[in-house]
Amino acid sequence: FYSIIYGATNIEAADNSLLAGTDDRLFVRQLSNLITGRTPQGGSVVLTIDPALQEAAYKALAGRKGAVVAVDPSTGAILALVTSPSYDPNVLSSHDDASVTKAWKSLQPDVDPDDPMLDRALNQTYPPGSTFKLITAAAALSSGQYKPQSTIPAPTTLPYPNSSLSLKNFEGETCGDGKTTTLIDALTISCNTAFGQLGQTLGEAALQKQADAFGFDSKFSLPLNSAQSVFPIDLDAAQTIQSAIGQYDVRSTPLQMAMVAAAIANGGVLMKPYLVKQLVGPDLAVIDTTKPTVIRQAVSSQVAAELTTMMESVVDKGTGTTVRIPGVKIAGKTGTAENAEGKPPHAWFVAFAP
């Protein structure tokens, strides 16, 4: 929004000079206005958002606290960027100072505990839980020591080193034969002990390197700045086990996990996410068009293909079967991340499809 009292936010702030008509790229227009006495006009910002997708995502959240990010994997264009619950920005852009002030106060977290002004898609980080197992799996496959059918340890419980505590699977379930399973089956049923042990075997450095390759520990600019997703450093053995399954101090924005899925879908190539498609002048002439930009090769094309097969197994016969669509091959990964004590866990799902 743009408010006389509270200033501008997000795109209104990032591209304010163009919208206000003061941008240097409008110099010729400004000079013409000065000579002719015309009222200065601002330009327009064309977003990458697909209105139908944006509306569908917002309606699907149905007021629940959460976020949805949809990305074109081949370009990085953001097609939907939804945070919920939300609010009407028009009430903050009124010319009635009293009503704007009243509306602003009503939206603050000390008045509305749902905090509708918080951008949960970009500016809030959460433990990614089992969606992070994609990154642990990517590190394993990228090491050259593992394939989807490789047999890995999968004990019923995994003792934490130098501790009386152990890592357990969801509801105490058994993976494979209770001793071992395959990498693909471990991802399919989201086996905690298998990925905890795998993370410990790979080590902190390998997990850190792979997480950073997907964009962790750096910020995306859309041009809106996102919060930085974090993979912790200086881990002991128990913390490495927890981090490998997206717990301990691993934190991620919804945008970041969307970019992990997008990179896998794009043959391992991580594209720079962007929200502005074009900048247009007052005369509707295109001033600038965003060109897709490669950030880096997060994993090889072979590893991306192997991860895709594993993610398809999750939806075909694993923890993601509820999203199956007849005739559509969906690759996905579920995640349930522990929250503060007494609060329900965070529910995640990342996916891509043709």
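Residues numbered from 1 in each chain as written. Predicted model: local features only at pLDDT ≥ 70, side-chain atom pairs only at ≥ 80, totals over all residues. Heavy atoms only, no water.

(A) Summary view of helix α6 (residues 133-142). Burial within α6 is extensive, with nine of its 10 residues counted as buried. When we look at burial in α6, the residues that qualify are K133, L134, I135, T136, A137, A138, A139, A140 and L141. Directly after α6, the chain includes G144, whose backbone phi takes a positive value near 80°. (Buried < 20%, exposed > 50% of the residue type's maximum accessible area, 1.4 Å probe, protein only. Helix = DSSP H or I, 4+ residues; strand = E, 2+ residues; numbered from the N terminus.)

(B) Fine view of the state of the cysteines. Counted according to the given criterion, the structure contains one disulfide. Between C175 and C191 runs a disulfide, and the two sulfur atoms are separated by 2.1 Å. Measuring the twist about the S-S bond at about 105°, one finds the C175-C191 disulfide to be right-handed. Separated by 16 residues along the polypeptide, C175 in the loop between β8 (166-168) and β9 (180-182) and C191 in the loop between α7 (183-188) and α8 (192-202) bring together distant segments of the chain. You can call C191 buried: its relative accessible area is 0%. (Disulfide = S-S within 2.5 Å.)

(C) Expanded view of the packing of α6 against α8. In contact at an axis separation of 10 Å, α6 and α8 are set at 50° when each is read in the N-to-C sense. Our classification of the angle between α6 and α8 gives oblique. Classified by chirality, the crossing of α8 by α6 is left-handed. For the pair formed by α6 and α8, the contact residues are K133, T136, A137, A139 and A140 on the first element and N192, F195, L198, G199 and L202 on the second. Its residues placed into classes, the contact of α6 with α8 shows six nonpolar, three polar and one charged. (Axes fitted to C-alpha atoms, helices over the stretch in contact; angles between N-to-C directions. Parallel < 35°, antiparallel > 145°, perpendicular 65-115°, else oblique. Left-handed = near helix turned anticlockwise from the far one by under 90°. Contact = heavy atoms within 4.5 Å. Nonpolar A, V, L, I, M, F, W, Y, C, P; charged D, E, K, R; others polar.)

(D) Local environment of the pattern of salt bridges. Under the defined criterion, the tally for this structure stands at five salt bridges. Residue K59 is joined to E55 by a salt bridge in which the shortest nitrogen-to-oxygen separation is 2.9 Å. Here the residue K59 and the residue E55 both occupy positions in helix α4 (residues 51-61), the gap between them amounting to four residues, near one helical turn. When the shortest N-O distance is used, the salt bridge between E306 and K147 registers 3.0 Å. Remark: K147 occurs in the loop between α6 and β6 (151-153) and E306 occurs in helix α12 (residues 301-317); sequence separation between them is 159 residues. Given a relative accessible area of 12%, E306 falls into the buried group. (Salt bridge = Lys/Arg side-chain N within 4 Å of Asp/Glu carboxyl O.)

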